[in-house]
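What the coordinates show
Chain residues, written in single-letter form:
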Amino acid sequence: MFRCAAGCDDITQQHSMAQVPDAIECPLCAARARRVIGAPALGVGNTAGMRAQDATRATADRPHVVSIVPSSSGRGAPASSNPLHRKLPRP
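Reading the values: the criteria
- Residues numbered from 1 in each chain as written.
- Predicted model: local features only at pLDDT ≥ 70, side-chain atom pairs only at ≥ 80, totals over all residues.
- Heavy atoms only, no water.
- Helix = DSSP H or I, 4+ residues; strand = E, 2+ residues; numbered from the N terminus.
- Buried < 20%, exposed > 50% of the residue type's maximum accessible area, 1.4 Å probe, protein only.
- Areas by Shrake-Rupley, 256 points an atom, 1.4 Å probe, with all protein chains shown as cover.
- 1 Å grid on protein atoms, 1.4 Å probe; cavity = no way out; pocket = protein on both sides within 12 Å on 5 of 7 lines; lining within 4 Å.
- Points joined across faces, edges and corners; volume = space filled by probe spheres on them.
- Nonpolar A, V, L, I, M, F, W, Y, C, P; charged D, E, K, R; others polar.
- Pairing = 2+ DSSP bridges.
- Axes fitted to C-alpha atoms, helices over the stretch in contact; angles between N-to-C directions.
- Disulfide = S-S within 2.5 Å.
- Salt bridge = Lys/Arg side-chain N within 4 Å of Asp/Glu carboxyl O.

Further remarks concern the overall build of the chain. Counting secondary structure elements, the chain contains one helix and three strands. Secondary structure of the chain in N-to-C order comes out as β-β-β-α. Looking at the 91 residues of the chain, the share that counts as buried comes to 8%. With the model as given, the accessible surface of the chain reaches about 8300 Å², and the carbon-plus-sulfur share is 56%.

Here you go:
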């Protein structure tokens, strides 16, 4: 962001981090506009990463709560169908 010494509106331009000029010419009055540090644009956009972060934040604030306790119908299905696993010691 650049700010004109004459009091014109702030000027926003995109530059690479390596090539940001210290000053530019104001497009309204042709005076020198110096670079000022503005707030970063964090959280702007609709990327997959932002959607994942928003979903994670939402579940932290509003976790899914079950309304009833799941029924226990004895033992569930075996974790493995490998017959060798049946011989392993049980905790």
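Attention now goes to the layout of surface pockets. One number sums up the size of the largest pocket: a volume of about 330 Å³. Taken together, 13 residues form the lining of the largest pocket, with M1, Q13, H15, V20 and R35 sitting closest to its centre. A per-class count over the lining of the largest pocket returns seven nonpolar, five polar and one charged.

Although it is not a glycine, A30 sits at a positive phi angle of roughly 65 degrees. Positionally, A30 belongs in the loop between β2 (23-25) and β3 (32-35).

The next point concerns the sheet that holds β2. For sheets, the rule is that strands pair by backbone hydrogen bonds, running either parallel or antiparallel. The strand order β1-β3-β2 describes an open sheet built from three strands, whose pairing is antiparallel. Strands at the two margins of the open sheet, each flanked by one partner only, are β1 (2-4) and β2. For this sheet, the mean inter-axis angle between neighbouring strands, taken without regard to orientation, is 35 degrees. For β2 and β3, the ladder comprises three bridges, and the chain directions are antiparallel. Among the inter-strand pairings, A23 is bridged to a residue of β3, identified as R34.

The next thing to look at is the state of the cysteines. A full pass over the atoms with the stated rule returns zero disulfides. Residue C8 stays outside any disulfide, its sulfur separated by 3.7 Å from that of C29, the closest cysteine. The exposure class of C8 is partly exposed, given its relative accessible area of 21%. No disulfide involves C26; its nearest neighbouring cysteine sulfur is the one of C29, lying 3.8 Å away.

This model, assessed by the stated rule, comprises two salt bridges. Measuring nitrogen to oxygen at the nearest pair gives 2.9 Å for the salt bridge that ties D10 to R3. According to the relative accessible area criterion, D10 is partly exposed, its value standing at 37%. Since its relative accessible area comes to 43%, R3 is described here as partly exposed. Between D54 and R57 there is a salt bridge, with the nearest N and O atoms lying 3.3 Å from each other.

Structural measurements only, silent on function.
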